[in-house]
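A closer look at the structure
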Amino acid sequence: MRKLVSIFLMIGILANFSIAQEEEKKPVYGWKNSMIGDLNFTQNAFTDWQQGGEDSWSWAANLNAKFENDQEKYNWANSAKLQYGESKVGDLGSRKAADEIKLETVYTYKLGVLINPYAAATMQTQFTKGYQYTTDAPKVAVSNLFDPGYLTESFGVGFKPNETIKTRVGLAAKQTFTTDFTGYADDKETTKIEDFKNEIGAESVTDLNMKLTETILYDSKLEIFSNFEATDEIDVNWDNTISAKVTDIIKVSFNFRLLYDKDIFWKRQLKQTLAVGLSYSFL
């Protein structure tokens, strides 16, 4: 009898353990939201400093937000990246050092496999007027809010093998619209000056979110667009950020961005930023 009771107790314990394991594996559906803001500031001042140097300061503010509704049959992911900053060296006026507005929405229908159909849209522009500076001439305005602005709509299939990496490939339409700075949209082969351009092509977007250590994260987003009318001219936007959490509110980050768009400039463009500052999670 004791052996029988022991067997039933063991079976009951194993059954409860199995049920608990299954409950832990069940996905949690609903909205998952996050909003993180960063503020970085650097300042240098010199008084009778014989080794040389100029007073300088710089600041940059970043806001990254994600709003994702994950359900059994679909996933609707929305993200926003807002960035602005200025710098000043010596007697020169303050100059813009960072400026970006980027919004993205992706709707994915789940078929129950790793590869699922999606529809997506992105919008990109900047906050304020941008200038080019030379030593022997006044500054020249080259861009402004929605001048240029970019819209991209796409649909295709997405692949997400795990939580670290996801990618999507599909057909896309990309619009470039301008007001005063028409060079971003104008077709150089025509006599008419266009302020709007629509391109039909293929799009590939890959997101990588990797936890290198408990306090160091690596985020990468590679966007590729190829116009069907000029397949040898591929637009590339590769944005990489390595961030390290020093304390709950202090963060160190390094950003490297590669941009290539022959319609803007025939060479690849590079930008890198090393920042130390405050980080706060709103959601």
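Bear in mind that the values here come from a model prediction, so they are computed numbers and not experimental data.

1. Digging into the pairing of strand β10 (residues 196-211)
Across 13 bridges, the pairing between strand β9 (residues 165-177) and β10 is antiparallel. Residue F177 lies in a different strand from β10, and its bridge partner there is F196. Of the pairings in the sheet, the one linking β10 to strand β11 (residues 216-227) comprises 11 bridges and is antiparallel in character. Bridge assignment links S204 to a residue of β11, and that residue is I224. Hairpin remark: β10 followed by β11, antiparallel, with four residues in the connecting loop.

2. Observations regarding the environment of Y74
Here Y74 is to be found in strand β3 (residues 74-89). When near neighbours in sequence (up to four residues on either side) are disregarded, Y74 contacts N69, Y107, T108, Y109 and K110. At a separation of 3.4 Å, a polar atom in the side chain of Y74 contacts the side chain of N69.

3. Some details on the confidence of the model for the chain
Model confidence for the chain is summarised by a mean pLDDT of 89, while 91% of its residues fall at 70 or above. Note that residues 1-5 has pLDDT below 50 and, in this model, zero contacts with residues that lie over four places away or in other chains. Throughout residues 17-23 the model reports pLDDT below 50, and contacts reaching past four residues in sequence, or to other chains, amount to zero contacts.

4. Description of the pattern of salt bridges
Inspection of every chain in the model, using the stated rule, returns 15 salt bridges. Between E223 and K102 there is a salt bridge, with its nearest N and O atoms 2.4 Å apart. Of this pair, E223 sits in strand β11 while K102 sits in strand β4 (residues 95-109), and the two are 121 residues apart along the sequence. Each member of the pair, E223 as well as K102, is classed as buried. A salt bridge links E104 to R168, with the nearest nitrogen and oxygen atoms 3.1 Å apart.

5. Details of a nonpolar patch on the surface
Judged by side-chain polarity, W31, W76, Y107, Y109, L111, V113, L114, I115, V157 and F159 come together as a nonpolar surface patch covering roughly 980 Å² of accessible area. Listing elements by their share of the nonpolar patch, those giving two or more residues are β4 and β8 (149-159). Positionally, W31 belongs in strand β1 (residues 30-44). In this structure W31 comes out as partly exposed when scored by relative accessible area, which is 48%.

6. What to know about the packing of aromatic side chains
For any pair of aromatic rings, the description consists of the separation of the ring centres together with the inter-plane angle of the planes. Scanning the entire structure with this criterion turns up nine aromatic pairs. Here F146 and F177 contribute two aromatic rings whose centre-to-centre distance is 6.3 Å and whose plane-to-plane angle is 25°, an arrangement assigned as stacked. With F146 in the loop between β7 (137-143) and β8 and F177 in strand β9, the pair connects residues that are 31 residues apart, well separated along the chain. Ring centres of F265 and W266 lie 6.1 Å apart, and the angle between their planes is 50°; this geometry places the pair in the tilted category. The class for F265 is partly exposed, based on a relative accessible area of 39%.

7. Focus on unusual backbone geometry
Along the chain, D147 connects to P148 via a cis peptide bond; the corresponding omega equals 15°. Considering the arrangement of structural elements, one finds P148 in the loop between β7 and β8. Even without being glycine, D48 reaches a positive phi, approximately 55°. Topologically, D48 is positioned in the loop between β1 and β2 (56-70). Since its relative accessible area comes to 68%, D48 is described here as exposed. Phi at F146 is positive, roughly 55°, even though this residue is not glycine. Under the relative-accessibility criterion, F146 is labelled partly exposed at 36%.

Cut-offs and rules
Residue positions within a chain follow its written sequence, with the count starting from 1. In keeping with the model being predicted, local features are shown solely for residues with a pLDDT of at least 70 and side-chain atom pairs are shown and tallied solely at 80 or more, while totals for entire chains, interfaces and linings include all residues. Side-chain metrics in this entry use all non-hydrogen atoms of the structure; hydrogen atoms and water are not considered. A pair of strands counts as paired when DSSP detects no fewer than two bridges linking them. Secondary structure elements follow DSSP: runs of H or I of four or more residues count as helices, runs of E of two or more count as strands, with numbering from the N terminus. We call two residues in contact whenever any of their non-hydrogen atoms come within 4.5 Å of each other. In protein, a polar contact requires one atom able to donate a hydrogen and another able to accept it; more generally it is a pair of N or O atoms within 3.5 Å, and residues adjacent in sequence count only if both atoms are side-chain atoms. Scored from 0 to 100, pLDDT reflects the predictor's confidence in each residue. By definition here, a salt bridge exists when the distance from a side-chain nitrogen of Lys or Arg to a carboxyl oxygen of Asp or Glu is within 4 Å. Under the scheme applied here, a residue whose accessible area is under 20% of the maximum for its type counts as buried, over 50% as exposed, and between as partly exposed, the area being computed with a 1.4 Å probe on protein chains only. Any residue with relative accessible area above 30% and no salt bridge may belong to a patch, with like charges joined within 9 Å and the nonpolar Val, Leu, Ile, Met, Phe, Trp and Tyr side chains within 5 Å. The protein chains shown are the only cover counted for residues, whose accessible areas, like all others here, come from Shrake-Rupley with a 1.4 Å probe. Only Phe, Tyr and Trp rings take part, Trp by its six-membered ring, and two of them pair if their centres are within 6.5 Å. Stacked means planes under 30 degrees apart, edge-to-face means over 60, and tilted covers everything else.

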